[in-house]
Amino acid sequence: MASGDDDDPIIQEIDVYLARSLVDKLYLFQYPVRPSSMSYNNVTHLTARIKPQQQKVELEVAMDTMSPNYCRSKGEQIALNVDGTSSEDSNTYSTKKMDKQTFSSIQATTNTCRYAAAVFRKGELHLTPLQGILQMRPSFTYLDKADSKHREREAANEAGDSSQDEAEEDVKQITVRFSRPESEQARQRRIQSYEFLQKKQAEEPWVHLHYNGINDGRSEHERQYLYCQAMDTTENTELVKTPSEYLSMLMPPVAEEKVVKTMGPSNVLSMAQLRTLPLGDQVKTLMKNVKVMPFANLMGLLASGTDSTAVLRCIQQVALLVQGNWVVKSDVLYPKNTCSSHSGVPAEVLCRGRDFVLWRFTQERTLVRKEVAAIIKLPPEDVKDFLEQMSAPRLNRGWEFLLPTDHDFNRKHPDVAQRQQMLWLGIQSKLEKVFNFSKEDFMPKKDARIEPVHVSGEQRLKAAKDSARQKHTTMQKELDAHRLNASSLPEASSADYTPMQVKQEPMSDSEEPMDTSLTNGSNGYPNSTSPVTDPHNGHGVSNAPTPELQLFVRNTFLKHYVLCLSELKRLFNLHLASLSTGHSVYGHVTDRKLQDTILLSRCKQILVPFPPQSSATTEEQKVFGLWESGETFDKHRQVLFEIFMKNYRVRRNVIQSRLTQELGDAVTKTDLDRLLKECCTSLGGMWYLKGTVHS
C-alpha cells in the first residue's frame, strides 16, 4: 500500500458542498440540433411556458428575417399556409412572414438522481441536484395548422351549395343504441390506452414564464443559489461519510434498482427494462406482445450469450409450434376468469376457439373466415381478432399464415418439433370432441391421377394443323356475320331517323368550332350521300367511314355519352389492340374520318368555352356528346349540352332550374342525378362535362 501511495500522491484536496436552494427547480437544457459554438444566448426569446408535472417546456424565439440566409419568399409562403389571408389577433405570424420558431422539450432521461450541476469557486465544489434534463428541439406544429387549414378549405369547396338540396331531401334512418355498463377490465384498458394518456397530459395547464437572458441582473442573482448558502451548519451532513459508508455508496449491495417508469401504456416495455426480468418472463412478455415469431428472431431480441437450450425450455411453456414458428398460447393471452373485450365471451371458450384456429394453421397455409366461424360459433369480432394475431388477409384466398414455414428450425431441433407434434395430436383429440368434427373433414380431395399418354411427333403436328384449320374456319364465319350485321345498321338507322331542329347559339370570338365544311346535313350531321373530297390529292374519292367504325363509335357513345376526341382515340386504339392480328375491318382511320363518323352517329360537338389558362390540348377541347339515342331522356341531355356551350362549369342548382324551365316540373331529382352521373363530373362544388377537367 505504501508503494502504491508513493506512486500516486494526492495533489490537492477539494471541499464538496451540496446546494439545495434550487433542488426542485434546476433543469439542464440541451440543444442537440446545433453545436455549442452556435448557442441561443443572444437570440431574442419571446415567450416561455412549462408543464411542471410532465417536465415539458416550450420556448418561442425570434428569427432574424434580415439575415442574408433568410429566404423571404419561403417565410411568406409558410405564413400564408398557416394563417391564410385573414388578419386576426390569433394568427401565428402577425407580420405575414415566418419570424419566429418554437422549441419543444423531450426528456433525455427519466431518472436524474445521479446527475447534478457543479460550480467550482475558490477551491470549493458546489453541487446542485438536477430536477430534469431536457432536450430542446424545433417544433413543427405550425405545419399541422397549415394542413388543417388546407383541409377546411377543401371541405368548404367540396360542400359548396351543390349538395344542399340533397341534404334537405334525403331522409336517413337512425338506429339508437344504448351502450352497456363499462366493466372493470374495459375501464383499466381505457385508462392505460394511448388516447387516454394523451388526454390526461393535455389537461395539465401551461404555466407561463418570463425569460431572463444570461447576462440579466435576475440571472446573476439566481446563479448565486448554485452555491451552498450555509457551509458552516449541518446542512452538508450527507457528504460527510465514514470510509465504509462511502464505500457502500460507491458499490451498493446487489438489489433491484428502482427505475422510474415513463408515462406510457402498460403493455409497452423498453428493452433495457425487459432484460432486467428473468429469462422466462422475458420470453413470455415478448410472445404476448409479438404473438408470432421465429425462434431466430426471439434469440436476436434477447441479450447476447443467452443459452438457446434454456430459451427452448421457456418458450415451450408459453407458445406452440406452428409451421416452424412459435405462436403464443391461448391461455397466456386469455387468462382464467377473464372475458372477451368485444363480446364478453369467457376466456375458456375463447381459448378453445383460438386453439382450433392454431390447429388448422398446422394443417394448411390459408383459412376461410366463414368456415372457421361456422365451426367455433364465436362472434365475428373474436374470430377476426384470432386471425389478425397470426395471419393476414389475401385477395380471393382467405387468411394466410403470417410467416413462411421455418424448415430450418424443424431440421435443427427435430426433438422439439416431434414433441410439439405429439402435443398437437392431444389438442386435436380434445377439439374433435368439443366441436364434433374429424380431421378428414378438412383434408383436400385428391384428384384421380391421369395416366400419361405418349404422343408421337407426327400425331402432334397433325393435331396442330387440324386445330389451326378449325379456328380459321370459325373466325371467318364470325367475321362474315359481323360484317353483315354492321352493314345493315346504318340502313335501319336512317329509316327511322327524323331530322330535329336544334336551337343555334351565337358563337363567341374565343370559341373555335371544329371544321364542318364537309357536312351538308342540318344540325352538324354530314349528309351520307355527299361525296367527300380527299384534301391531299384533290380527287373526289369517297372517304366514307366503314359500317364497323360507325358501329364502334355508336356503341361507345351509348356507353359514355360524352367524350373528347383524345379519349375516343384511346378507346379505339384499345379496341384495335384487342383484335387478332390481321383482323382489321376499319381501314385507314384518320382524325378527320373519326370526327365525321362521330357526327354521323347522331352525336354533336359541344363547343365548351375553355378558360384561357386551361392546360387542355386541342384534342381534349374537341368535346362530343350523344345528341339522340332514341329515348325521351335525350331532351335532358340536349338542355345540359346547351348549358355547357355557354359555361365551362356550372352549379347543380343552375342545371336544375334550367331543366325545370325547359321541360317543366316533371324533372325529378332522380333524373337530375342520372344526368349528372352520365355526362358530368364534380370538382370543388362545381360540375364539369366529362373529360373537360382533370380531377
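Given the structure is predicted, the values throughout are model-derived calculations rather than measurements. (Residues numbered from 1 in each chain as written. Predicted model: local features only at pLDDT ≥ 70, side-chain atom pairs only at ≥ 80, totals over all residues. Heavy atoms only, no water.)

## What about the overall build of the chain?
Then step 1. Looking only at helices and strands, the chain features 26 helices and 20 strands.
Then step 2. Residues counted as buried form 32% of the 695 residues belonging to the chain.
Then step 3. Long-range contacts, defined as pairs at least 24 residues apart, comprise 67% of the intrachain contacts of the chain with a sequence gap of at least 6.
Then step 4. When the accessible area of the chain is evaluated, it comes to approximately 45,500 Å², of which 52% is carbon and sulfur surface. (Helix = DSSP H or I, 4+ residues; strand = E, 2+ residues; numbered from the N terminus. Buried < 20%, exposed > 50% of the residue type's maximum accessible area, 1.4 Å probe, protein only. Contact = heavy atoms within 4.5 Å. Areas by Shrake-Rupley, 256 points an atom, 1.4 Å probe, with all protein chains shown as cover.)

## Section: the sheet that holds strand S14 (residues 391-394)
Then step 1. In spatial order, the strands read S13-S15-S14; together these three strands make up an open sheet with antiparallel pairing. Since the sheet does not close on itself, it has two edges, and those belong to strand S13 (366-367) and S14, each with one partner.
Then step 2. Relative to strand S15 (residues 398-401), S14 runs antiparallel, the two sharing four bridges. The residue of S15 that forms the bridge with alanine 392 is glutamate 400. (Pairing = 2+ DSSP bridges.)

## Description of the pairing of strand S7 (residues 124-129)
Then step 1. Burial along S7 is one-sided: Glu124, His126 and Thr128 are buried, and none of Leu125, Leu127 and Pro129, which face the opposite way, are.
Then step 2. Alignment of strand S1 (residues 15-18) against S7, held across four bridges, turns out to be parallel. For tyrosine 17, the partnering residue across the bridge sits in S7 and is histidine 126.
Then step 3. In this sheet, S7 lies alongside strand S6 (residues 116-121) in antiparallel orientation, the contact comprising six bridges. Bridging from a neighbouring strand, alanine 118 pairs with leucine 127 of S7.
Then step 4. In this structure, the hairpin formed by S6 and S7 is closed by a connection of two residues, where lysine 122 is found at a positive phi of approximately 55°.

## Quick word on the confidence of the model for the chain
Then step 1. Residues with a pLDDT of 70 or more make up 79% of the chain, whose mean pLDDT is 78.
Then step 2. Low confidence marks residues 257-266, where pLDDT is under 50. Its contacts with residues over four positions away, or in another chain, come to 13 contacts.
Then step 3. Throughout residues 489-542 the model reports pLDDT below 50, and contacts reaching past four residues in sequence, or to other chains, amount to 64 contacts. (pLDDT = per-residue confidence, 0-100.)

## Notes on the nonpolar core
Within soluble globular proteins, side chains that are nonpolar tend to cluster in buried spots.
Then step 1. Ranked by internal contacts, the top residues of the largest apolar core, which has 52 residues, are Val283, Met287 and Trp326.
Then step 2. Counting residues per element, this core draws most heavily on helix H14 (residues 347-363), at eight residues.
Then step 3. Among the nonpolar cores identified, the runner-up in size contains 47 residues, and Tyr586, Leu640, Phe641 and Ile643 belong to it. (Core = buried A, V, L, I, M, F, W, Y, C linked by side-chain atoms within 4.5 Å.)

## Let's talk about the packing of H14 against helix H16 (residues 380-390)
Then step 1. Packing of H14 against H16 leaves a shortest axis separation of 10 Å and a crossing angle of 45°. Looking at the two axes, H14 sits oblique to H16. Crossing angle aside, the handedness with which H14 passes H16 is right-handed. Side by side, H14 and H16 meet where Leu350, Gly353, Arg354, Val357, Leu358 and Phe361 of the first sit next to Asp382, Phe386, Leu387, Gln389 and Met390 of the second.
Then step 2. Here the residues of the contact of H14 with H16 are counted per class, giving seven nonpolar, two polar and two charged. (Axes fitted to C-alpha atoms, helices over the stretch in contact; angles between N-to-C directions. Parallel < 35°, antiparallel > 145°, perpendicular 65-115°, else oblique. Left-handed = near helix turned anticlockwise from the far one by under 90°. Nonpolar A, V, L, I, M, F, W, Y, C, P; charged D, E, K, R; others polar.)

## Here's the deal with the sheet that holds strand S2 (residues 27-30)
Then step 1. Spatially, S2-S8-S5-S4-S3-S9 is the arrangement adopted by the six strands of the open sheet, whose pairing is mixed. Of all strands in the sheet, those bounded by a partner on one side alone are S2 and strand S9 (207-209). This sheet shows a mean twist of 25° between the axes of neighbouring strands, independent of strand direction.
Then step 2. Sheet topology places S2 next to strand S8 (residues 132-139); four bridges connect them, and they run parallel. Residue pairing across strands places glutamine 30 opposite glutamine 135, the latter belonging to S8.

## Digging into the side chain of threonine 597
Then step 1. Looking at the secondary structure, you find threonine 597 in helix H22 (residues 591-600).
Then step 2. The class of threonine 597 is buried, set by a relative accessible area of 0%.
Then step 3. The residues contacting threonine 597, other than those within four sequence positions of it, are Pro545, Leu549, Gln550 and Val553.

## What to know about the pattern of salt bridges
Then step 1. The tally for this structure, following the rule as stated, stands at 26 salt bridges.
Then step 2. Between lysine 384 and glutamate 388 there is a salt bridge, with the nearest N and O atoms lying 3.9 Å from each other. Here lysine 384 and its partner glutamate 388 are both found in helix H16, four residues apart, which amounts to about one turn of the helix.
Then step 3. Assessed through its relative accessible area of 35%, lysine 384 is described here as partly exposed.
Then step 4. Each of the salt bridges in this network shares a partner with another, and the network as a whole consists of Glu631, Asp634, Arg637, Arg674 and Glu678. (Salt bridge = Lys/Arg side-chain N within 4 Å of Asp/Glu carboxyl O.)

## Observations concerning the environment of isoleucine 14
Then step 1. If you trace the backbone, isoleucine 14 turns up in the loop between helix H1 (2-7) and S1.
Then step 2. Overall, the relative accessible area of 42% leaves isoleucine 14 in the partly exposed class.
Then step 3. Sequence separation of isoleucine 14 and leucine 125 is 111 residues, and the distance between their C-alpha atoms is 6.9 Å.
Then step 4. Once residues lying within four places of it in the same chain are set aside, the contact partners of isoleucine 14 are Phe120, Gly123, Glu124 and Leu125.

## Section: helix H18 (residues 414-435)
Then step 1. An ideal rise of 1.5 Å per residue puts 32 Å on 22 residues; H18 measures up with 31 Å between its terminal C-alpha atoms.
Then step 2. Every buried residue belonging to H18 is among Val416, Ala417, Gln420, Trp424, Ile427, Gln428, Leu431 and Phe435, and all of these are buried. For H18, the angular spread of the buried residues around the axis is 120°, confining them to a single face. Residues of H18 that are exposed and point more than 90 degrees away from the buried face comprise Gln418, Met422, Lys430 and Lys433.
Then step 3. Taken together, the buried residues of H18 touch helix H12 (308-318), strand S11 (319-322), strand S12 (325-328), H14, helix H15 (369-376) and helix H17 (407-412). (Expected span 1.5 Å × (residues − 1). Arc of directions from axis to C-beta.)

## A few points about the environment of lysine 336
Then step 1. Checked against the element boundaries, lysine 336 lands in the loop between helix H13 (330-333) and H14.
Then step 2. When its relative accessible area of 68% is taken as the criterion, lysine 336 is described as exposed.
Then step 3. Along the backbone, lysine 336 and alanine 347 are 11 residues apart, and their C-alpha atoms lie at a distance of 6.0 Å.

## Quick notes on a nonpolar patch on the surface
Then step 1. Where nonpolar side chains cluster on the molecular surface, the patch consists of Tyr246, Leu247, Met249, Leu250 and Met251 and spans about 590 Å² of accessible area.
Then step 2. Within the fold, tyrosine 246 resides in helix H8 (residues 243-250). (Patch = residues over 30% accessible without salt bridge, like charges linked within 9 Å, V, L, I, M, F, W, Y side chains within 5 Å.)

## Description of the packing of helix H20 (residues 547-560) against H22
Then step 1. The geometry of H20 relative to H22 is characterised by a closest axis approach of 9 Å and an angle of 60° between their N-to-C directions. The hand of the H20/H22 crossing is right-handed. Here H20 contributes Leu549, Gln550, Val553 and Phe557 to the contact with H22, which in turn contributes Lys593, Leu594, Thr597 and Ile598.
Then step 2. Of the residues contributing to the contact of H20 with H22, the split by class is five nonpolar, two polar and one charged.

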